[in-house]
Amino acid sequence: LGGAICIAGGIQTEGNLPGTELPKKHANNQNQATDVLIIAGSDDPTYPKEAAQLSKQSYHSSKVQLHVQKGKGHAMIGSKEEMRVIMEFLSKRLVRRMVSMEGHCR
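Residues numbered from 1 in each chain as written. Predicted model: local features only at pLDDT ≥ 70, side-chain atom pairs only at ≥ 80, totals over all residues. Heavy atoms only, no water.

Focus on the overall build of the chain
The helix and strand tally for the chain stands at 3 helices and 3 strands. Helices and strands appear in the chain in the N-to-C order β-α-β-α-β-α. Within the span of the chain, comprising 106 residues, buried residues form 25% of the whole. Long-range pairs, those at least 24 residues apart, make up 76% of the contacts in the chain between residues at least 6 apart in sequence. Carbon and sulfur atoms make up 53% of the accessible area of the chain, which amounts to about 7500 Å² in all. (Helix = DSSP H or I, 4+ residues; strand = E, 2+ residues; numbered from the N terminus. Buried < 20%, exposed > 50% of the residue type's maximum accessible area, 1.4 Å probe, protein only. Contact = heavy atoms within 4.5 Å. Areas by Shrake-Rupley, 256 points an atom, 1.4 Å probe, with all protein chains shown as cover.)

Spelled out as structure tokens, the structure:
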């Protein structure tokens, strides 16, 4: 998985619900954690920026990029700045495949 993007919402991590705890051998393995982008609004009463920061802390915080959009309430993407953040996040994590070249280089 290249990554996950949360818009106006947070991360439900394993271990936050009974019966979803990770085995001890995996509990601190950040290499298995998925990179996450959280976009929150500075004026969101439903999912405030403090909740976004808590989500980041409860997950592998080094794997979470948090973007708080100034003046944004509880809404989907609504600005070029937010879209730029998403595109930069994806561009660093998705690999471009050249299907036409597959099978020709061995």
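Describing the pattern of salt bridges
Opposite charge on two side chains makes pairing possible when the charged atoms of those side chains draw close. Applying the stated criterion across every chain, the model contains 4 salt bridges. One salt bridge connects D35 with R93, and the closest N-O pair in it is separated by 3.0 Å. Of this pair, D35 sits in the loop between α1 (24-27) and β2 (36-41) while R93 sits in the segment after α3 (80-91), placing them 58 residues apart in sequence. Residue classification places R93 among the partly exposed residues on the basis of a relative accessible area of 25%. One salt bridge connects K72 with E82, and the closest N-O pair in it is separated by 2.8 Å. In this pair, K72 is assigned in the loop between β3 (64-69) and α3 and E82 in helix α3, connecting sequence segments 10 residues apart. Classification of K72 by relative accessible area gives buried; the value is 9%. Accessibility expressed as a relative area gives 2% for E82, which makes it buried. A single salt-bridge network, built from bridges that share partners, covers D35, K63 and R93. (Salt bridge = Lys/Arg side-chain N within 4 Å of Asp/Glu carboxyl O.)

Comments concerning the pairing of β3
Relative to β3, β2 runs parallel, the two being bridged by 6 bridges. Note that in β3 the partner of I38 across the bridge is L66. A crossover connection joins β2 to the parallel β3 through helix α2 (residues 49-58); in handedness this β-α-β unit is right-handed. (Pairing = 2+ DSSP bridges. Right-handed = clockwise from strand over helix to strand, strands pointing away.)

A few points about the nonpolar core
If you look at the biggest cluster of nonpolar residues, it comprises 10 residues: C6, I11, A33, V36, I38, A40, Y47, A52, Y59 and V64. Counting residues per element, this core draws most heavily on β2, which supplies 3 residues. In this structure A52 touches I38, A40, Y47 and L66, once residues within four positions along its chain are discounted. Counting residues in hydrophobic clusters, the runner-up holds 5 residues, among them L37, I39, V85 and I86. (Core = buried A, V, L, I, M, F, W, Y, C linked by side-chain atoms within 4.5 Å.)

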